[in-house]
Structures are given as structure tokens and as C-alpha cells.
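Examination of the molecular architecture
Now for the letters of each chain:
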Amino acid sequence: MPVNLRPLDAEHFPAWLERSRAEYAKELVALGQTSEDAYRQADETMALSFPSGTPAPDHAVFDVVDDAGVAVGYLWIGPDRSDDAGAWWVWDIAIDADKRGRGLGRTAMLLGEEYARARGAHTLGLSVAGFNTGARGLYESLGYETTSVKMRKKLG
């Protein structure tokens, strides 16, 4: 299925930013953080990447658009926070739940790689929650390698 990346329209950006912040905080809570800590971390991350509510230099947010021109998800990509200008990061990617399993995420990731490479990236990293086995399988099939593992045990 053909997929394109279309820069997110400025008028839709505030709503996307709030949704992304809330989804990130929700994931942090699922990973064990308190709601208060999760929202604080999400706020700090968004403030670094979107000062004044607009993307920092080289950060880009795209709608993932199917062959009918319909937005079916989004991709946020940009430099990572290291001193290595060639190290880039997939900050977030999401495909609508009812559209998954059709290759849209795979193609969006490949287009994201092209975008980063064209801007001087020599690596592209990402973070994925351990419980997100579908995404982990996709990333592994695209050649991403595990570089760290965090583990936790609840003590009752």
C-alpha cells in the first residue's frame, strides 16, 4: 500500500502536541511511573522538542498518509539529544489501530529513514516499551538492534 509523509499542518499542531503528550504520559504510567511524574516528564520532553509550541530545529512531525490521501497516523523524527549531529531519533510513531497490519508503519519508518539520511543522519534510534511486542517485531524486522533493556519487578 503506498504511503507518504506529509508535514503536519500548523493549525493541527497544537492538538497533535497535546495528544502526543498525553499518550507519552500514559505509556510512562504503564511502565510504572506515577501519573504526576509521568506528566512532568512528558511536559519536559515536549518543552525541549517544541519550544514555544513549534518544532525545534530539524524536528519534523508528519502525517502518515495512505494512497487515498487520508492521514492514518503520524511520525515525529529529529536529532537525538546527544552531541553527535548524525544521531537521529524516531521520537514517536503511531498508526491508527484499525489500519495496523497493512505495512503502513513499515513504510513510514523507511520514509523516516530516508528523511533522516538526507539530513546527515548516520544512525536512527528509537525507544519501545517492552510490552509493545508488535512494534518491537516491526523494528527488529527493519534491522533495529536492542541497545539496552530496563527491567522491573513489583514487590508485593
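Let us look at the structure shown here. (Residues numbered from 1 in each chain as written. Predicted model: local features only at pLDDT ≥ 70, side-chain atom pairs only at ≥ 80, totals over all residues. Heavy atoms only, no water.)

**Considerations on the overall build of the protein chain**
Filter applied, for reference: Labels follow the DSSP assignment, with helices taken as runs of H or I lasting at least four residues and strands as runs of E lasting at least two, numbered in each case from the N terminus. Atoms counted for the radius of gyration: C-alpha only. Globule rule: 2.2 Å times residue count to the power 0.38. Note on classification: 1.4 Å probe, protein chains only; a residue is buried when its accessible area is under 20% of the maximum for its type, exposed when over 50%, partly exposed between these limits. Here a residue-residue contact requires only that any non-hydrogen atoms of the pair lie within 4.5 Å.
A count of helical and extended segments in the protein chain gives 4 helices and 5 strands. What you see in the protein chain, going N to C, is helices and strands ordered as β-α-α-β-β-β-α-β-α. The C-alpha atoms of the protein chain give 16 Å as radius of gyration, which agrees with the globular expectation for 156 residues (15 Å, within 12%). Taking the principal axes of its C-alpha atoms as reference, the protein chain extends roughly 50 × 35 × 35 Å. The buried share of the protein chain, reckoned over its 156 residues, is 36%. Here the analysis covers contacts within the protein chain between residues at least 6 apart in sequence; of these, 54% occur between residues at least 24 apart.

**Details of the side chain of D66**
Rule in force here: Within this scheme the basic residues Lys and Arg register as positive and the acidic residues Asp and Glu register as negative, but His and the chain ends are omitted. Criterion for a salt bridge: a side-chain nitrogen of Lys or Arg within 4 Å of a carboxyl oxygen of Asp or Glu. Two N or O atoms count as a polar contact when they lie within 3.5 Å, although within protein this holds only if one can serve as hydrogen donor and the other as acceptor, and sequence-adjacent residues are included solely when both atoms are side-chain atoms.
Along the chain, the position of D66 falls in strand β2 (residues 60-66). The side chain of D66 sits in the buried core without any salt bridge; K99 is the nearest counter-charge, 5.9 Å away. From its side chain, D66 meets the backbone nitrogen of A68 in a polar contact 2.9 Å long.

**A closer look at the pattern of salt bridges**
Here the structure, examined in full by the defined rule, presents 6 salt bridges. In this structure, the salt-bridge partner of D37 is R40, at a minimum N-O distance of 2.7 Å. Linking D37 with R40, this pair stays in helix α2 (residues 35-49), spanning 3 residues, or about one helical turn. Of the residues examined, D37 reaches a relative accessible area of 30% and is grouped as partly exposed.

**Focus: the packing of aromatic side chains**
Under the convention used in this document: For Phe, Tyr and Trp, rings pair up if their centres lie within 6.5 Å, where Trp contributes its six-membered ring, and each pair is then called stacked (planes under 30 degrees apart), edge-to-face (over 60) or tilted (otherwise).
Summed over the entire model, instances satisfying the criterion amount to 11 aromatic pairs. Ring centres of W16 and F50 lie 5.6 Å apart, and the angle between their planes is 75 degrees; on these two criteria the pair is classed as edge-to-face. Of this pair, W16 sits in helix α1 (residues 13-30) while F50 sits in the loop between α2 and β2; the two residues are 34 residues apart in sequence, bridging distant segments of the chain. Like F50, W16 is buried.

**Focus: the environment of V64**
Residue placement: V64 occurs in strand β2. Expressed as a C-alpha distance, the spacing of V64 and G105, which sit 41 residues apart in the sequence, is 8.4 Å. Not counting the four nearest positions on each side in its chain, V64 is found in contact with V3, N4, L5, V70, A71, V72, G73, Y74, L75, I95, L104 and A108.

**Remarks on the sheet that holds strand β1 (residues 3-7)**
Going by this rule: Two strands form a pair only when DSSP identifies at least two bridges running between them. Interaxial angle, 0 to 180 degrees, is taken between N-to-C directions of lines fitted to C-alpha atoms, where a helix line uses only the stretch in contact.
Strand order in the open sheet made by the 5 strands is β1-β2-β3-β4-β5, with mixed pairing throughout. Of all the strands in the sheet, the pair left with one neighbour each is β1 and β5 (123-126). Strand-to-strand twist of the sheet, defined as the mean angle between neighbouring strand axes without regard to direction, takes the value 30 degrees. In this sheet, strand β3 (residues 71-79) lies alongside β2 in antiparallel orientation, the contact comprising 6 bridges. Bridging across to β3, V61 finds its partner in W76. Here α1 sits on the sheet in contact with β2, β3 and β4 (87-95), set at roughly 80 degrees to β3. On the sheet, helix α3 (residues 104-118) packs against β1, β2, β3, β4 and β5 and is oriented at approximately 155 degrees with respect to β4.

**Describing the pairing of β4**
Our working definition: The handedness rule is simple: strands pointing away from the viewer, and a clockwise path from the first strand over the helix to the second, make the crossover right-handed.
Relative to β4, β3 runs antiparallel, the two being bridged by 7 bridges. By the bridge assignment, P79 is partnered in β4 with W88. Judged from the 4 bridges that link them, β4 and β5 form a sheet pairing that is parallel. Paired with A87 across the strands is T123, a residue of β5. Read as a crossover between parallel neighbours, the route from β4 over α3 to β5 is right-handed.

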